[in-house]
Amino acid sequence: MSDSGDSDIAWTFYKDRPEWSDITPVPEDDGPTPVVVIAHSEKFEDVYNYFRAVLQKNEISERALHLTKDAVELNPANYTVWQYRRDLLKELGADLRSELDYVESVIKQSPKNYQVWHHRRVLVEWLQDSSLELELTGDALLQDPKNYHAWQHRQWAMKTFGLFENEMDFVDNLITDDVRNNSAWNQRYFVMNNHLGWSDLNVQKEICYTLEKIKFVKNNESAWNYLRGVLLHDKRGLGGNAVVLSCCEELYKNRCRSPYLMGFIIDICDEAIKKGETNSIYCADRAIELCQALATKYDKIRSKYWNYLSENFKKAKYIENGSANNIHV
Amino acid sequence: MMNNEENKNLAHRQHVKYFMRFLNVLPSSLSSHDTTRVTIAYFSVSGLDVLGSISSVSIEQQSRIIEWLYRLQVHPNKQNGDMSACGFQGSSTVNIEFDSEQNHYRCGHLAMTYTGLCILLALGDDLSRLNRQALIEGVKALQTEEGNFSATLSGCESDMRFVYCAACISYILNDWSGFNIKRATEYIIKSISYDYGIAQCPELESHGGTTYCALATLSLTNQLDKLTLDQIEGLKRWLLYRQIDGFQGRPNKPVDTCYSFWVGASLKILDSLHLTNYANNRSYVYETQDCVVGGFSKWPDTCTDPMHTYLGLAGLSLIGENGLLEIVPTLNITKRAHDHLKTLHEKWACES
């Protein structure tokens, strides 16, 4: 946040306010050898000189509470100001509801600031009231659907107060708006994991939902990753679900060469090898072929990686053949 | 503004000047960094170190920086000897004397302690003025039940960033008595997502920066073997998928210069950085270089800042760019500074 104090004509310095004349300001003591010095505005220095003064004597007063607002406005990242403000709110028995409004307005100005979200969380804990949190974070996510702070606060409130009821609708809307919103896919997993659960039926439903989204945008890492996540809850593994297999093969047959599709088939091959259940479709040879196609044509930026995987499959094949030969001998 | 033809080489001299400016005076528009000035000093000093230009800082200026830092070290409570607030403050904003009871307002911050120690190492200080035991007690006071760390005693969130800072401090001071490795490792493993990336806390979205914090911590604590083979291979792929030309921090997010370090160093820790495409990475980072006044930005043709400048250089160093010193990926300091640390560790071992 920029320090816009100089353009504020109506501003009266604390040092010029009669009601503060009993306080001796405490200037910052940066020692005899200051470095990385910030050339603060006169307003910033004045406010913080008085902030240090009241903090040092631990003044508990309405005027100190008001001063912290000015200090926050000049630097919302100052965690000591917020901590002192919380101590004041408690000591003064202040109205915490209006504090919720206040911090909401600061969050709207600084939605990516750690301290403001922490302040919000402490207030919600004190009040044991989470009724405004979904709306607050929903608004922040409307502005920036990938705001990590907002997601973190939302997940915390949902888990602490059990607010899962309508979350899947919220997630659906976000994914409809932007199918590549990875945060929304992560939230979908969060709701499944904590609320709806991974029953066989739900696993199947999530697979169908995800495959639809993949057919819509094939080269979308978020959806492919989610599909893998769902299949962690299918005890048959990555390659045990007929709907998934047929969808992947259909995509491949229709010339889809998304690296995520190809990587997925490679992993099915890998699983089959590790389980000793290879067949003509899912085997080391196919994995090697796919790795080579990725390395030379479809995902050249990662050619070294796909070559590395290819080498691993060649080794696995060598061992497989070796042990098979041993059985025959 | 930036001519692509000219912008393929390191504007070494300009970057040195850029960091030297930040070590002196910053404009009032940076007031929101008022409590974290130590981190700006870290980016600048470590940046000069990576550039092989520590000697551009005069001996006098070096000792000024050192004196300034030691004044930010919070010492044990004079009345009762309590060490839980010990560490480094990020500036002298609240560097005032308190009565014993309000002492919690004057407390160290893990990110400031970590970056403060890195500066001292880069400047070749012998760390003799540290109260090592007090710093370790300060770390200990901040580990939560969950296994992660808060940044400070004075009302602060806890997450993966501060697990990493606590691990670096413990490593540098060669004392793990304030860091419960088992609990931190459990926290890290719980924060691995379904896509194998690692998040700020359990169940949040995987993120390049927090994945770095987690992997560097596992490496510093010798716990990488607690990851399964599936987790390691999954992490490698998740990290490698972050490369577009430069690197992004999360799937489907824009590329940003700083992830050439966060993701690059994570891969280096997993011995897999060589699987990335160096040329594309390098050319993206150079697109964000301001070769006129120095500095790097997150995106081409946007404002430079010390963090992206340092991390851009550190990212280039990882892929062996000419004219840059080698970086130790876990601690994010130069090998030169790390070698100095090793001599201090040997000295401490003889003394004890």
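An unreviewed UniProt entry annotates chain B as Geranylgeranyl transferase type-1 subunit beta originating from Bicyclus anynana.

As recorded by an unreviewed UniProt entry, chain A carries the name Protein farnesyltransferase/geranylgeranyltransferase type-1 subunit alpha and is attributed to Bicyclus anynana. On record in UniProt, under Sequence similarities (unreviewed entry), the comment for chain A is "Belongs to the protein prenyltransferase subunit alpha family." Its UniProt record gives chain A the following Cofactor (unreviewed entry) comment, quoted word for word: "Mg(2+)".

Colleague: Let's hear about the overall build of chain B: which residues, and what values?
Modeller: Each helix and strand counted, chain B has 13 helices and seven strands in total. Expected size for 352 residues packed as a compact globule is a radius of gyration near 20 Å; at 20 Å, chain B falls within 12% of this value. By its C-alpha atoms, chain B is 65 × 50 × 40 Å across when sized along the principal axes. Counting all 352 residues of chain B, 65% fall into the buried class.

Colleague: Tell me about the overall build of chain A, and please be specific about residues and values.
Modeller: Within chain A one finds 15 helices and one strand. For 329 residues, the compact-globule estimate of 2.2 N^0.38 gives 20 Å, and chain A exceeds it by more than 25% at 29 Å. Every one of the 329 residues in chain A was classed for burial, and the buried ones make up 54%. Pairs at least 24 apart in sequence give 64% of the contacts found in chain A among residues at least 6 apart.

Colleague: Could you give me a rundown of the packing of aromatic side chains, with the residues and numbers involved?
Modeller: The way to describe two aromatic rings as a pair is by their centre distance and the angle between their planes. In the structure shown here, the tally under the stated rule is 37 aromatic pairs over all chains. Among the aromatic residues, ring-to-ring pairing joins B:Tyr42, B:Phe43, B:Tyr114, B:Tyr164, B:Tyr212, B:Phe261, B:Trp262 and B:Tyr310 into one connected group. We note A:Lys15 situated over the ring of A:Phe13; from NZ or CZ to the ring centre the distance is 4.8 Å. The residue whose ring lies beneath B:Arg132 is B:Trp348, and the NZ or CZ to ring-centre distance is 3.7 Å.

Colleague: How would you summarise the pattern of salt bridges if you had to cite specific residues and measurements?
Modeller: The final tally for this structure, using the stated rule, is 43 salt bridges over all chains. A salt bridge links A:Glu28 to B:Arg37, with the nearest nitrogen and oxygen atoms 3.3 Å apart. In this pair, A:Glu28 is assigned in the segment before strand S1 (37-38) and B:Arg37 in helix H2 (residues 37-50), connecting two distinct chains. You can call B:Arg37 buried: its relative accessible area is 2%. Here A:Arg97 and A:Asp129 are joined by a salt bridge, their closest N and O atoms 2.6 Å apart. Here A:Arg97, found in helix H4 (residues 96-109), pairs with A:Asp129, found in the loop between helix H5 (114-127) and helix H6 (133-143); they are 32 residues apart in sequence, far enough to count as distant. Taken together, the shared-partner salt bridges in this structure form one network comprising A:Asp22, A:Lys57, A:Glu59 and A:Arg63.

Colleague: Pulling in residues and values, what's your account of H4(A)?
Modeller: All names here are of chain A. For H4, with 14 residues, the first-to-last C-alpha span of 20 Å sits near the 20 Å given by 1.5 Å per residue. Within H4 the residues assigned to the buried category are Leu96, Glu99, Leu100, Tyr102, Val103, Val106 and Ile107. Viewed along the axis of H4, the buried residues span an arc of 165°, placing them on a single side of the element. For H4, the exposed residues set more than 90 degrees away from the buried face come down to Lys108 and Gln109. Tucked into the core, H4 has its buried residues touching helix H2 (62-74), helix H3 (79-92), H5 and H6. One side-chain oxygen at the N-terminal end of H4 lies 3.0 Å from the backbone nitrogen of Arg97; it belongs to Asp95.

Colleague: With reference to specific residues and values, describe the interface of chain A and chain B.
Modeller: Taken together, the contact between chain A and chain B spans 72 residues of the former and 73 residues of the latter. For the pairing of chain A and chain B, the buried interface totals around 6500 Å² over both sides, and the portion due to carbon and sulfur atoms is 50%. Among the residues chain A hides against chain B, the three largest losses belong to A:Val36, A:Tyr79 and A:Tyr148. Together they make up 13% of the total. Summed over the shared surface of chain A and chain B, the number is six salt bridges. Salt-bridge contacts for B:Arg37 lead to A:Asp30; the nearest nitrogen and oxygen are separated by 2.6 Å. At the junction of chain A with chain B, the criterion picks out 45 residue pairs in polar contact (both at pLDDT 80 or more). At eight residues, helix H9 (residues 182-196) of chain A tops the list of elements feeding residues into the side of chain A that touches chain B. Along the lines of polarity and charge, the residues of the side of chain A that touches chain B split into 31 nonpolar, 24 polar and 17 charged. Bridge count between S1(A) and strand S1 (residues 25-26) of chain B: two bridges; the pairing is parallel.

Colleague: How would you sum up the confidence of the model for chain B? Please name residues and give values.
Modeller: When the pLDDT values of chain B are averaged, the result is 96; 98% of them are 70 or greater. Across the whole predicted complex the pTM is 0.96, and at the interface the ipTM reaches 0.96.

Colleague: Which residues make up unusual backbone geometry, and what values do they have?
Modeller: Residue and element names in this part refer to chain B. Although it is not a glycine, Tyr196 adopts a positive phi angle of roughly 80°. Mapped onto the fold, Tyr196 is located in the loop between helix H7 (181-190) and helix H8 (208-220). On the basis of relative accessibility, which here comes to 24%, the residue Tyr196 falls in the partly exposed class. For Asn252, which is not a glycine, the phi torsion comes out positive at approximately 65°. Tracing the backbone through its elements, the reader meets Asn252 in the loop between helix H9 (229-240) and helix H10 (258-269). Under the relative-accessibility criterion, Asn252 is labelled partly exposed at 24%.

Colleague: Run through the side chain of B:Thr221, naming residues and quoting values.
Modeller: Residue and element names in this part refer to chain B. For Thr221, the position within the fold is in the loop between H8 and H9. Look at Thr221 and you get buried, because its relative accessible area is 7%. Separated by 2.7 Å, the side chain of Thr221 and the backbone oxygen of Thr217 make a polar contact. Reaching out from Thr221, the side chain makes a polar contact with the backbone oxygen of Leu218 at a distance of 3.3 Å.

Colleague: An account of the environment of B:Phe261 is needed here, citing residue identities and associated values.
Modeller: Residue and element names in this part refer to chain B. Residue placement: Phe261 occurs in helix H10. Separated by 58 residues in sequence, Phe261 and Glu203 place their C-alpha atoms 24 Å apart. For Phe261, the contacting residues outside a window of four places in its chain are Tyr212, Ser266, Leu311, Ala314, Gly315, Leu318, Ile327, Pro329 and Asn332.

Colleague: Go over helix H12 (residues 242-253) of chain A, please, and point to the residues and values.
Modeller: Residues and elements named next belong to chain A. Over its twelve residues, H12 extends 16 Å from the first C-alpha to the last, a length consistent with the 16 Å expected when each residue adds 1.5 Å. Along H12, the residues that are buried comprise Val244, Leu245, Cys247, Cys248, Leu251 and Tyr252. When H12 is viewed along its axis, its buried side chains cluster within an angular range of 165° and face the same direction. Of the residues in H12, the exposed ones pointing more than 90 degrees away from the buried face are Ala242 and Lys253. Packing partners of the buried residues in H12 comprise helix H10 (200-216), helix H11 (221-231), helix H13 (259-275) and helix H14 (284-298). Two to three positions downstream of the cap, the backbone nitrogen of Val243 sits 2.9 Å from a side-chain oxygen, assigning the N-cap of H12 to Asn241. Trailing H12 by a residue or two, Arg255 shows a phi angle of about 70°, which is positive.

Colleague: Which residues make up the packing of helix H3 (residues 59-70) of chain B against helix H4 (residues 110-122) of chain B, and what values do they have?
Modeller: Residue and element names in this part refer to chain B. Across the interface, H3 lies against H4 with an axial gap of 10 Å and an inter-helix angle of 150°. Taken together, the axes of H3 and H4 are roughly antiparallel relative to one another. Like other packed secondary-structure pairs, H3 and H4 cross with a definite hand, here left-handed. Contacts from Ile65, Ile66, Leu69 and Tyr70 in H3 reach Gly116, Ile119 and Leu120 in H4.

Analysis parameters
Residues numbered from 1 in each chain as written. Chains lettered and ligands numbered in written order. Predicted model: local features only at pLDDT ≥ 70, side-chain atom pairs only at ≥ 80, totals over all residues. Heavy atoms only, no water. UniProt positions renumbered as here; feature names shortened; annotations may be inferred. Helix = DSSP H or I, 4+ residues; strand = E, 2+ residues; numbered from the N terminus. Rg over C-alpha atoms; globule rule 2.2 N^0.38 Å. Buried < 20%, exposed > 50% of the residue type's maximum accessible area, 1.4 Å probe, protein only. Contact = heavy atoms within 4.5 Å. Phe/Tyr/Trp six-rings, centres within 6.5 Å; stacked < 30°, edge-to-face > 60°. Lys NZ or Arg CZ within 6 Å of the ring centre and 35° of its normal. Salt bridge = Lys/Arg side-chain N within 4 Å of Asp/Glu carboxyl O. Expected span 1.5 Å × (residues − 1). Arc of directions from axis to C-beta. Polar contact = N/O pair within 3.5 Å; in protein donor to acceptor, adjacent residues only side chain to side chain. Buried area = accessible area lost by both parts, 1.4 Å probe. Nonpolar A, V, L, I, M, F, W, Y, C, P; charged D, E, K, R; others polar. Pairing = 2+ DSSP bridges. pLDDT = per-residue confidence, 0-100. Axes fitted to C-alpha atoms, helices over the stretch in contact; angles between N-to-C directions. Parallel < 35°, antiparallel > 145°, perpendicular 65-115°, else oblique. Left-handed = near helix turned anticlockwise from the far one by under 90°.

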